[in-house]
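# Structure assessment
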Amino acid sequence: MGFGSNIGNGAANFDEVIRRFAVREIDVLRISSLYETEPWGGAEGGPFTNAVMEVARGESPRSLWNRLCEIETLMGRERRRPLEPRTCDLDLLLWGDAVVDEPDLRVPHPRMAQRKFVLVPLCELIPDEVHPELGCTFTELLRTCTDPLQVWLRDRPHGMTTA
């Protein structure tokens, strides 16, 4: 799962997401470091704080997606237009090697292979795993990614074991 934030304190927003996961019994297994990235695709606002997390898959992708949207809303996310600033953006990136193709839920995330802010932290956790549709490892996808935006290591999250 991916996390992004460019309103307020991104690290504090990330900590709040982890707290809200615990309250909702979403078990976080591993998390990447926090990264700072330039806004992708002309997104409004300043730099983003980004990370990826591995969570236990104890429910359906749709059920988890609904809970992620609820957390985004509780943290002040409004979906008025694409690429707007946000306190919390949670993306369901992968579901093991499954493919989910529903009208408003696509897994693997359809643009993850084009975004360094996803691939860099993902390679921290699962560099040799293979993308279910593209047949390449995430390291290979990062090596061939044409995204020109920079990704900087910001911090390791507190209170959680990273990869």
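Now for a quick tour of the structure. Given the structure is predicted, the values throughout are model-derived calculations rather than measurements.

Calculation notes
- Residues numbered from 1 in each chain as written.
- Predicted model: local features only at pLDDT ≥ 70, side-chain atom pairs only at ≥ 80, totals over all residues.
- Heavy atoms only, no water.
- Helix = DSSP H or I, 4+ residues; strand = E, 2+ residues; numbered from the N terminus.
- Rg over C-alpha atoms; globule rule 2.2 N^0.38 Å.
- Contact = heavy atoms within 4.5 Å.
- Areas by Shrake-Rupley, 256 points an atom, 1.4 Å probe, with all protein chains shown as cover.
- Lys, Arg positive; Asp, Glu negative; His and termini not counted.
- Charge placed at Lys NZ, Arg CZ, Asp CG, Glu CD.
- Core = buried A, V, L, I, M, F, W, Y, C linked by side-chain atoms within 4.5 Å.
- Buried < 20%, exposed > 50% of the residue type's maximum accessible area, 1.4 Å probe, protein only.

Of regular secondary structure, the chain possesses 4 helices and 8 strands. Computed over C-alpha atoms, the radius of gyration of the chain comes to 15 Å, within 12% of the 15 Å expected from 2.2 N^0.38 for 163 residues, which places it in the range of a compact globule. Its C-alpha atoms give the chain principal-axis dimensions of about 35 × 35 × 35 Å. Contacts in the chain between residues at least 24 apart in sequence constitute 66% of all its contacts with a sequence separation of at least 6. In the form shown here, the chain has an accessible surface area of approximately 8200 Å², with 50% of it arising from carbon and sulfur atoms. Between the mean site of the 19 positive side-chain charges and the mean site of the 26 negative ones, the chain shows a separation of 3 Å.

For the rest of this paragraph, the subject is the environment of L125. Within the element layout of this structure, L125 appears in helix 3 (residues 116-125). It is 9.5 Å that separates the C-alpha atoms of L125 and S33, two residues lying 92 residues apart in sequence.

Looking now at the nonpolar core. Soluble globular proteins: nonpolar side chains tend toward being buried together. Grouped together as the largest cluster of nonpolar side chains are 25 residues, with contacts concentrated most on F21, M53, L64 and L90. Those elements giving two or more residues to this core turn out to be helix 1 (10-23), strand 2 (28-31), strand 4 (48-55), helix 2 (61-74) and strand 7 (105-107). If we skip the residues at most four places from it in the chain, L90 touches G2, F3, V17, F21, M53, W65, L68, I71 and E72. M112, F117, C123 and I126 belong to the second largest nonpolar core, which has 17 residues in total.

Turning to the environment of I126, a few remarks are in order. Position of I126 relative to the elements: it lies in the loop between helix 3 and helix 4 (138-144). C-alpha separation for the pair I126 and E140, spaced 14 residues apart in sequence, amounts to 12 Å. Residue contacts for I126: discarding those within four places in its chain leaves R30, L94 and F138.

None of the figures reported here should be taken as evidence of function without further support.
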